[in-house]
Amino acid sequence: MEGKKFVVTPWEVKGKIDYDKLIKKFGVEAIDDKLLKRIQNHTGELHHFLRRKIFFAHRDLNWILDEYEKGNKFFLYTGRAPSGKNHIGHLVPWMFTKWLQDKFDVELWFQFPDEEKFLFKENLSLEDTERYTYDNALDVIALGFKPEKTKFLIDTKNAGLMYKEALKVAKRITFSTVKAAFGFTNEQNIGAIFYTAMQAVPSFLPSVIKNKKIPCLIPHAIDQDPHFRISRDVIPKIGFYKPASIQCRFLPGLGGMLEEGKMSASEKQTAIYVTDDETTVTKKINKYAFSGGQATVEEHRKIGGNPDVDISYQWLTFFEEDDRKLENIYNDYKSGKLLTGELKTILIEKLNKFLKEHQKKREKAKKVYDKFLIK
Ligand code: TRP
């Protein structure tokens, strides 16, 4: 049987994603139970993103743990290219990064490449991306990162610190390599061709600053892997460790099986924004969340629903931490005891509670934003 086509690059995600195929295609490794055990030895418990294989693949995570066990701590690196407001899908890798920061007590370098979406999108000015950098950063701070252990790298502001290092990377990457990795054509603007060098820099910049090799672990959504696949070949050649990484799946959009891919900020009805109010969240979920339920209540009671395609259930796997609760919801929906409307209500309450807290913290973040900047 021929599998359906899907596309995953840093700038395009579409089709029904086959994550097992992606593991092979990108050359990352699946996270197995043995590795989970090893992580658990250090963290005591496992984050539900690990228990549920939402973070499902990695590069060199065993090496990071080898070094950590020898007393050689790593630092974390992740980022967000500002292009608009954050939706809840953006928070997924950052929530996990926060957990890693707490459990391993390590630094985080967070990049805001404010040139990236300027270069890749038609209608976005540098003034726009500057505004969104601040807006997006508030959500990162709201998740609770420690200012003493977290640094924001804003490309156009911290260019002086980064440019020399980017040049060393760029000199060792050819146009044909980026063409193959990102699907570029000759029509691509030259800024976009250079960009991957800027995204490589934070993975070794702390080593440059502290003048010693420090291991780096990058938590990120799987679409970013092509950047690091390229830079991992180059970074040892300029004298630093290959960065390790850990990859997550995408939070699907509300439309689920209808649209596929990932939550997209450009499709407003299928994304929930971090600043959406209770009524908006309720309306969007009730109206747009793809349902695995039956057409009538009678049929649903008789046949039961399909949680595996139901977006409300899928989202609860990201946002309901309690395994027991989640399992009950799964069984009740499948047996027909729980109706679609009831399932949606569970999700709505969960998300609204989370967002209410998040929005409060987001306001407070404005007061401490400066503490995260590099002076
Ligand atoms: N390219 C990412 C985006 O489109 C932003 C980013 C920069 C990033 N550095 C990163 C993401 C490191 C993950 C890890 O949002």
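Residues numbered from 1 in each chain as written. Predicted model: local features only at pLDDT ≥ 70, side-chain atom pairs only at ≥ 80, totals over all residues. Heavy atoms only, no water.

Of all hydrophobic cores here, the largest spans 82 residues; its most connected members are Leu50, Ile88, Phe152, Leu217, Ile285 and Trp315. With nine residues, helix H5 (residues 88-104) is the largest single contributor of residues to this core. Shared between two domains, this core holds at least three residues of each, these being domain 1 (6-249) and domain 2 (268-363). Counting 29 residues, the second-largest nonpolar core is a separate cluster that includes Phe75, Val178, Ile218 and Phe228. (Core = buried A, V, L, I, M, F, W, Y, C linked by side-chain atoms within 4.5 Å. Buried < 20%, exposed > 50% of the residue type's maximum accessible area, 1.4 Å probe, protein only. Helix = DSSP H or I, 4+ residues; strand = E, 2+ residues; numbered from the N terminus. Domains from an automatic or database assignment.)

Before going further, it helps to examine the domain arrangement of the protein chain. Annotation of the protein chain at the domain level lists domain 1 (6-249) and domain 2 (268-363). Between the C-alpha centres of domain 1 and domain 2 the distance comes to 30 Å. Counting residues at the interface gives 17 residues for domain 1 and 21 residues for domain 2. Both faces combined, the contact of domain 1 with domain 2 buries some 1,700 Å², and carbon together with sulfur accounts for 64% of it. It is Arg52, Ile88 and Ala142 that lose the most area in domain 1 upon contact with domain 2, and together they represent 36% of the buried surface on that side. For the pair domain 1 and domain 2, the number of links is four salt bridges. Here Asp323 and Arg52 are joined by a salt bridge, their closest N and O atoms 2.6 Å apart. Viewed at the interface, domain 2 and domain 1 are joined by twelve residue pairs in polar contact (both at pLDDT 80 or more). Mapped by element, the contributors of at least two residues to the side of domain 1 that touches domain 2 are helix H3 (48-51), H5 and helix H7 (126-142). Looking at the side of domain 1 that touches domain 2 residue by residue, the classes come out as nine nonpolar, three polar and five charged. (Contact = heavy atoms within 4.5 Å. Buried area = accessible area lost by both parts, 1.4 Å probe. Salt bridge = Lys/Arg side-chain N within 4 Å of Asp/Glu carboxyl O. Polar contact = N/O pair within 3.5 Å; in protein donor to acceptor, adjacent residues only side chain to side chain. Nonpolar A, V, L, I, M, F, W, Y, C, P; charged D, E, K, R; others polar.)

The subject of this paragraph is the site of the ligand. Close contacts around the ligand come from 15 residues, with Tyr77, Ala81, Gln111, Glu116 and Gln224 the closest. Separating a nitrogen atom of the ligand from a side-chain N or O atom of Glu116 is a distance of 2.7 Å. For the ligand, whose unbound accessible area comes to 370 Å², protein coverage reaches 93%. Class assignment of the residues belonging to the shell around the ligand gives a composition of six nonpolar, six polar and three charged. (Near = heavy atom within 4 Å. Areas by Shrake-Rupley, 256 points an atom, 1.4 Å probe, with all protein chains shown as cover.)

The next thing to look at is helix H13 (residues 278-288). One full turn of an α-helix is made of 3.6 residues, so residues set three or four places apart face in the same direction. Restricting attention to buried positions, one finds in H13 the residues Val281, Lys284 and Ile285. Projected down its long axis, H13 shows its buried positions confined to an angular sector of 90°, all on one face. Set apart from the buried face of H13 by more than 90 degrees, the exposed residues are Lys283 and Lys287. For H13, the secondary structure elements touched by its buried residues are helix H15 (311-319) and helix H17 (340-368). (Arc of directions from axis to C-beta.)

Positive phi outside glycine occurs at Asp60, with the angle close to 60°. Tracing the backbone through its elements, the reader meets Asp60 in the loop between strand E4 (55-59) and helix H4 (61-69).

Inspection of every chain in the model, using the stated rule, returns 26 aromatic pairs. The interplanar angle of 85° and the centroid separation of 5.0 Å between the aromatic rings of Tyr68 and Phe104 together place this pair among those described as edge-to-face. Of this pair, Tyr68 sits in helix H4 while Phe104 is found in helix H5, placing the two residues 36 residues apart along the sequence. On the basis of relative accessible area, Phe104 is assigned to the buried category, the value being 4%. (Phe/Tyr/Trp six-rings, centres within 6.5 Å; stacked < 30°, edge-to-face > 60°.)

The buried fraction of strand E8 (residues 216-221) is high, at six of six residues. Side chains of E8 alternate between two faces, with Cys216, Ile218 and His220 and Leu217, Pro219 and Ala221 buried alike. Taken together, the two bridges between strand E5 (residues 75-79) and E8 define a ladder with parallel strand orientation. Within E8, the position partnered with Leu76 by the bridge is Leu217. Crossover handedness for the path E8 to helix H12 (residues 225-234) to strand E9 (residues 244-248): right-handed. (Pairing = 2+ DSSP bridges. Right-handed = clockwise from strand over helix to strand, strands pointing away.)

Looking at the secondary structure, you find Asn158 in the loop between strand E7 (150-154) and helix H8 (159-170). Residue Asn158 is classed as buried on the basis of its relative accessible area of 10%. Between the C-alpha atom of Asn158 and that of Lys284, which follows or precedes it by 126 residues, the distance is 39 Å. Leaving out residues up to four positions away in the same chain, Asn158 has contacts with Phe152, Leu153 and Ile374.

The topology assignment puts Arg362 in helix H17. Relative accessible area serves as the criterion here: at 7%, Arg362 is assigned to the buried category. Of note is the side chain of Arg362, whose polar atom sits 3.0 Å from the side chain of Asp135.

Right, let's get into the pattern of salt bridges. Taken as a whole, this structure holds 27 salt bridges when the rule is applied. For Arg131, the salt bridge goes to Asp128, with nearest N and O atoms at 2.8 Å. Here Arg131 pairs with Asp128, and both are found in helix H7, just three residues apart, close to one helical turn. The salt bridge partner of Lys157 is Glu130, with a shortest N-O separation of 3.2 Å. Remark: Glu130 occurs in helix H7 and Lys157 occurs in the loop between E7 and H8; sequence separation between them is 27 residues. Its relative accessible area of 47% is what places Lys157 among the partly exposed residues. Each of the salt bridges in this network shares a partner with another, and the network as a whole consists of Lys85, Asp135, Asp139 and Arg362.

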